[in-house]
Amino acid sequence: MHSRKSKSITGKRNQVGNDVAKVIKPQKTRRIIRRFHHLINKRESICLFLCLTEKLDEANEKKNDAIVRASTKGNTEQSKSYEDGKSQVFNEAMETQLLRLHSLIKKEAKLKDSSKITVMYALLGYVMSQIDKLGGLETYQIASQNGQLNGRGGDTSKLLEKWIKPLLADHPGATALEIGSLSSENHISRCGLFKHVVRIDLEKHEGVTKQDFMERPLPENENDKFDLISCSLVLNFVKNHKDRGLMCHRMIKFLRPQGYVFIVLPQACVTHSRYCNESLLQKLLASLGLTMLHSHQSNKLYYCLYQWQMVLSPKGPPKRIRVSDGPGLNNFGITL
Ligand SMILES: C[S@@+](CC[C@H](N)C(=O)[O-])C[C@H]1O[C@@H](n2cnc3c(N)ncnc32)[C@H](O)[C@@H]1O
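Residues numbered from 1 in each chain as written. Predicted model: local features only at pLDDT ≥ 70, side-chain atom pairs only at ≥ 80, totals over all residues. Heavy atoms only, no water.

In the annotation of an unreviewed UniProt entry, the entry for the protein chain reads 25S rRNA (adenine(2142)-N(1))-methyltransferase, and the organism field reads Saccharomyces kudriavzevii. Regarding the protein chain, the relevant UniProt record gives this comment under Subcellular location (unreviewed entry): "Nucleus, Nucleolus". Here is the UniProt Function (unreviewed entry) comment for the protein chain, exactly as written: "S-adenosyl-L-methionine-dependent methyltransferase that specifically methylates the N(1) position of adenine 2142 in 25S rRNA. N(1)-methyladenine(2142) in 25S rRNA is present in helix 65, a region that accounts for most of the intersubunit surface of the large subunit." (UniProt positions renumbered as here; feature names shortened; annotations may be inferred.)

The following block contains the structure:
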C-alpha cells in the first residue's frame, strides 16, 4: 500500500501482512479477529508462565520482540529456542501445542523442569511471528472496524446522493469514479446523477473492473478525469498512514477542477484514533486544495464530502502527530 514497505519484527518485508490488509473482505474479518484473539491470549499465558517482568505492548511488536529477547539474555538455549520458533512458518505441531497450552503449562509448572522453559520460548517465538504475519495490531484494528460494519446499513452512497444532488443540478454530463466498488447496484450508479460511473476494486465483482487505483494510469487529458471520486471505506483498508496520504494525493490527479471527493471511514478512525480526528483530516485535505462541504457521523461511520476548490492551505506535518492519547485508541492516521 505505498513505496516504503513495512518491516516485520524480524526486519523482513511484511508481505503477508500487506496482503491481508489489502484484501480483507468483511466476511473474512471475523476469522482474522478470532486468530488475533487466539494468538494474543496464548502469548499472554506464555509470558505469565515465563514470568516476563516487562508487560508487552499490543501496539508495538518491535518493542515486544526486544522485551522477549532481553529476557533470554545470557541463556543461549532459550534465545536459540525463541529464534527457532520465530522462523517457523505455519506449523501444525506448534498449533496443537498452543491448543493444549493450558494443560501444558500446568504440567510444566508441576515438573518445575527448567529445560522445558525453552519449549515455551519456541512457542512464544512462533506466536510472535504469527502475529507479525497477520499484519500486527493495525491489521487487527482494520479487521475489527470492518467486522463491526456488517450491520451498518449497506450502501453509503445514499447519503452521497442527498449531498451531491443539488450540487450537480446544472451538470447533466457529470462522471464519477468509485474506488473500492463492490456492486454496480449502489446508489451512485443508480441515482441517475452521473452520465457515467467507473467502478474499480482490488477484486473482481460483477460490473466492477479489477484495478488497483494506485496503478490506474494517470489521466492524459480532462476527459480521463472525473467530477466525483467516491472513496467509501477504502482509506481504512490501506495499511499505513503514508500510503493513505499517497492515495489522497492521487485522487486529486483524477479530479476535474471544482470536482468532489466523497470519503467514508469507520467512525473510530476520527473519534478513537491517536493520530486522526475530523479537524486534522480537514487540515490535511485542505493542504491538497480540498474544502469540506458536508460531514456526518452515524453510529459506526464517518462521512464527508469535499470539493477541490484549489485554495491551498499550509502543508500538514510529514510525520504522524498525536491528537489523542489513552487506552483503547487505534492508530489510524494519514500523512501527506
Ligand atoms: C470495506 S470495502 C468497501 C466497499 C464499499 N466501497 C463500501 O463502502 O461498502 C473496501 C474495498 O476497498 C478496496 N480497495 C482497497 N484499496 C484499493 C485500491 N488501491 N484500489 C482499488 N480498490 C481498493 C478493497 O478491495 C475493498 O473491496
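(A) Looking closely at the packing of helix α3 (residues 61-71) against helix α7 (residues 117-134). At a minimum axis distance of 11 Å, the contact between α3 and α7 shows a crossing angle of 170°. Looking at the two axes, α3 sits roughly antiparallel to α7. Counting all contacts with α3, which are made through Glu61, Asn64, Asp65, Val68 and Ser71, the residues of α7 involved are Tyr121, Leu124, Met128 and Ile131. (Axes fitted to C-alpha atoms, helices over the stretch in contact; angles between N-to-C directions. Helix = DSSP H or I, 4+ residues; strand = E, 2+ residues; numbered from the N terminus. Parallel < 35°, antiparallel > 145°, perpendicular 65-115°, else oblique. Contact = heavy atoms within 4.5 Å.)

(B) Main features of the UniProt feature "binding site: S-adenosyl-L-methionine" (unreviewed entry) in the protein chain. UniProt records the feature "binding site: S-adenosyl-L-methionine" (unreviewed entry) for Gly180 and Asp201 in the present numbering. These residues run over 22 residues, yet every pair of their C-alpha atoms falls within 4.3 Å of each other. Of note, Gly180 is situated in the loop between β1 (175-179) and α10 (187-190).

(C) Looking closely at the environment of Asn41. Tracing the backbone through its elements, the reader meets Asn41 in helix α2 (residues 26-49). C-alpha of Asn41 to C-alpha of Val127: the two residues are 86 residues apart in sequence and 10.0 Å apart in space.

(D) Looking closely at the pattern of salt bridges. Evaluation of the coordinates by the stated rule reveals ten salt bridges. One salt bridge connects Glu61 with Arg43, and the closest N-O pair in it is separated by 2.8 Å. With Glu61 in helix α3 and Arg43 in helix α2, this residue pair connects regions lying 18 residues apart in the sequence. One salt bridge connects Glu83 with Lys86, and the closest N-O pair in it is separated by 3.8 Å. Taken together, the residues Glu83 and Lys86, both in helix α4 (residues 76-86) and three residues apart, mark about one turn of the helix. Here the salt bridges do not stand alone but share partners, grouping Asp65, Arg69, Glu83 and Lys86 into one network. (Salt bridge = Lys/Arg side-chain N within 4 Å of Asp/Glu carboxyl O.)

(E) Looking closely at the state of the cysteines. Scanning the model with the defined rule gives zero disulfides in all. Free of any disulfide, Cys231 has its nearest neighbouring cysteine sulfur in Cys248, separated by 7.0 Å. Residue class for Cys231 comes out buried when judged on its relative accessible area of 0%. (Disulfide = S-S within 2.5 Å. Buried < 20%, exposed > 50% of the residue type's maximum accessible area, 1.4 Å probe, protein only.)

(F) Seen up close, the sheet that holds strand β4 (residues 226-232). In spatial order, the strands read β3-β2-β1-β4-β5-β7-β6; together these seven strands make up an open sheet with mixed pairing. The sheet is open, and its two edges are formed by β3 (209-210) and β6 (290-297), each paired on a single side. Note that strand β2 (residues 196-201) and β3 share two bridges and pair parallel. Looking at the pairing, Asp201 lines up with Lys210 of β3. Packing against the sheet, helix α11 (residues 241-253) makes contact with β1, β4, β5 (255-266), β6 and β7 (301-308), and its axis sits at approximately 150° to β5. Packed onto the sheet, helix α13 (residues 278-286) meets β5, β6 and β7 and runs at close to 25° relative to β7. (Pairing = 2+ DSSP bridges.)

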